[in-house]
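# Coordinates in review
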Amino acid sequence: AVLLQLLVLARGDFIFNLKFQSYTNPRSFDSNGNNCDPAGFRSCENRFEFCLREAGHSHDDLSHCPYGRFESGEVGGDNIDLSSSDSIGNLPNPLLFVNSGKWMVN
């Protein structure tokens, strides 16, 4: 069987609104799976990177983010309540991805 996938270049506008509620890292692991402090005296210095793009790209590749890329900077420890916060690090909460123009659709 042959699977044919057709990609069409379309014109469209969108706004993607992302509201952060909470973040928990109970085992204090960093993004590489290592413990931030094996002795258990401090929590991780968490930060977030957001990339909006088409499916099919590695989650580690932040070089291709045609619809928006944002970095929060350091936001704090391993249990963060953001439900009533208007920011996450140096980013607004909610975070808006806005696109006007071309994008690929299946």
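I will try to describe carefully the structure that is included in this document. (Residues numbered from 1 in each chain as written. Predicted model: local features only at pLDDT ≥ 70, side-chain atom pairs only at ≥ 80, totals over all residues. Heavy atoms only, no water.)

Turning next to the overall build of the chain. A count of helices and strands for the chain gives zero helices and eight strands. Mapped from its N terminus to its C terminus, the chain presents α and β elements in the order β-β-β-β-β-β-β-β. When the 106 residues of the chain are sorted by exposure, 26% land in the buried category. The contacts of the chain with a sequence gap of at least 6 include a subset with a gap of at least 24, amounting to 63%. Of the roughly 7700 Å² of accessible surface on the chain, a fraction of 52% belongs to carbon and sulfur atoms. (Helix = DSSP H or I, 4+ residues; strand = E, 2+ residues; numbered from the N terminus. Buried < 20%, exposed > 50% of the residue type's maximum accessible area, 1.4 Å probe, protein only. Contact = heavy atoms within 4.5 Å. Areas by Shrake-Rupley, 256 points an atom, 1.4 Å probe, with all protein chains shown as cover.)

Counting residues in each nonpolar core, the largest one holds twelve residues, listed as Phe-14, Phe-20, Phe-48, Phe-50, Leu-52, Tyr-67, Ile-80, Leu-82, Ile-88, Leu-91, Leu-95 and Phe-97. Looking at this core, the elements with two or more residues in it are strand E3 (46–51) and strand E8 (95–105). For Ile-88, the residues in contact, after removing those within four places along its chain, are Phe-20, Phe-48, Ser-72, Val-75, Leu-82 and Asn-93. (Core = buried A, V, L, I, M, F, W, Y, C linked by side-chain atoms within 4.5 Å.)

A word on the state of the cysteines. Throughout the structure, instances matching the rule amount to two disulfides. Each sulfur of the disulfide joining Cys-36 and Cys-44 lies 1.8 Å from the other. Across the S-S bond linking Cys-36 and Cys-44, the dihedral sits near 95°, which makes this disulfide right-handed. Relative accessible area serves as the criterion here: at 4%, Cys-44 is assigned to the buried category. Residue Cys-51 pairs covalently with Cys-65 via a disulfide, S to S 2.0 Å. The S-S bond linking Cys-51 to Cys-65 shows a torsion near -115°; that makes this disulfide left-handed. Of this pair, Cys-51 sits in strand E3 while Cys-65 is found in the loop between E3 and strand E4 (69–76), placing the two residues 14 residues apart along the sequence. (Disulfide = S-S within 2.5 Å.)

Only one face of E3 is covered, namely the one carrying Asn-46, Phe-48 and Phe-50; the face carrying Arg-47, Glu-49 and Cys-51 has none of its residues buried. Relative to E4, E3 runs antiparallel, the two being bridged by five bridges. Bridge assignment links Arg-47 to a residue of E4, and that residue is Glu-74. (Pairing = 2+ DSSP bridges.)

Bringing the pattern of salt bridges into the picture now. Oppositely charged side chains may form a pair once their charged atoms are brought near each other. All chains considered together, the criterion is met by two salt bridges. Residue Arg-69 pairs with Glu-71 through a salt bridge whose shortest N-O separation is 2.9 Å. The partly exposed category is assigned to Arg-69, whose relative accessible area is 39%. (Salt bridge = Lys/Arg side-chain N within 4 Å of Asp/Glu carboxyl O.)

Tracing the sequence through the fold places Asn-46 in strand E3. Excluding its chain neighbours within four sequence positions, the residues that come into contact with Asn-46 are Tyr-23, Asn-25, Gly-73, Glu-74, Val-75, Gly-76, Gly-77 and Asp-78.

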